[in-house]
Amino acid sequence: MNLDDDVATELDRLRRETGMGLSEALNELARVGVGARRRSHHSTYRQQTASLGIRVDVSNVGEVLDLLDDAP
């Protein structure tokens, strides 16, 4: 297994600070990374809306574009 320099540095730092063995420290870093990845994928997306002051039938795209061009 080849570790990037930043990962190896963090692994060494964790081992020095905690006294963990190599496998234990590597597993701990992997768990932290997996947890962060899961949290970032489960964030809720909220669509932001704004009132344009007009009501539009969106079934005719050309008409909608014309209305939006004329909107203030």
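Residues numbered from 1 in each chain as written. Predicted model: local features only at pLDDT ≥ 70, side-chain atom pairs only at ≥ 80, totals over all residues. Heavy atoms only, no water.

Caption draft 1: Quick peek at the overall build of the chain. The helix and strand inventory of the chain stands at three helices and zero strands. Order of helices (α) and strands (β) in the chain, N terminus to C terminus: α-α-α. Here the C-alpha atoms of the chain give a radius of gyration of 26 Å, more than 25% beyond the 11 Å that 2.2 N^0.38 yields for 72 residues. Its C-alpha atoms give the chain principal-axis dimensions of roughly 65 × 20 × 20 Å. The buried share of the chain, reckoned over its 72 residues, is 7%. Total accessible area on the chain is roughly 6,700 Å²; 49% of this is exposed by carbon and sulfur atoms. (Helix = DSSP H or I, 4+ residues; strand = E, 2+ residues; numbered from the N terminus. Rg over C-alpha atoms; globule rule 2.2 N^0.38 Å. Buried < 20%, exposed > 50% of the residue type's maximum accessible area, 1.4 Å probe, protein only. Areas by Shrake-Rupley, 256 points an atom, 1.4 Å probe, with all protein chains shown as cover.)

Caption draft 2: Up close: helix 1 (residues 5-18). The first and last C-alpha atoms of helix 1 sit 20 Å apart over 14 residues, in line with the 20 Å expected at 1.5 Å per residue. Taken from the residues just after helix 1, Gly19 is the one with a positive phi, measuring 75 degrees. (Expected span 1.5 Å × (residues − 1).)

Caption draft 3: Layout of a nonpolar patch on the surface. Side chains of Leu52, Ile54, Val56, Val58, Val61, Leu65, Leu67 and Leu68 sit close together on the surface and give an oily, nonpolar patch of about 670 Å² of accessible area. Examined against the element boundaries, Ile54 turns out to sit in the loop between helix 2 (22-41) and helix 3 (61-70). Look at Ile54 and you get partly exposed, because its relative accessible area is 34%. (Patch = residues over 30% accessible without salt bridge, like charges linked within 9 Å, V, L, I, M, F, W, Y side chains within 5 Å. Salt bridge = Lys/Arg side-chain N within 4 Å of Asp/Glu carboxyl O.)

Caption draft 4: Examining the confidence of the model for the chain more closely. Averaged over all residues, the pLDDT of the chain is 85; the fraction at 70 or higher stands at 92%. At the level of individual helices and strands, the chain shows its lowest average pLDDT in helix 3, which scores 83, and its highest in helix 1, which scores 94. (pLDDT = per-residue confidence, 0-100.)

Caption draft 5: Structural detail: a negative patch on the surface. A surface patch of negative charge is lined by Asp57, Glu63, Asp66, Asp69 and Asp70. Among the structural elements, Asp66 can be located in helix 3. (Lys, Arg positive; Asp, Glu negative; His and termini not counted. Charge placed at Lys NZ, Arg CZ, Asp CG, Glu CD.)

Caption draft 6: Representation of the pattern of salt bridges within the structure. Applying the stated rule across the entire model yields two salt bridges. A salt bridge links Glu10 to Arg13; the nearest nitrogen and oxygen atoms lie 2.2 Å apart. With Glu10 and Arg13 both in helix 1 and three residues apart, the pair spans about one turn of that helix. Residue Arg13 is classed as partly exposed on the basis of its relative accessible area, which comes to 28%. Here Glu17 makes a salt bridge to Arg13, at a shortest N to O gap of 2.3 Å. Here Glu17 and its partner Arg13 are both found in helix 1, four residues apart, which amounts to about one turn of the helix.

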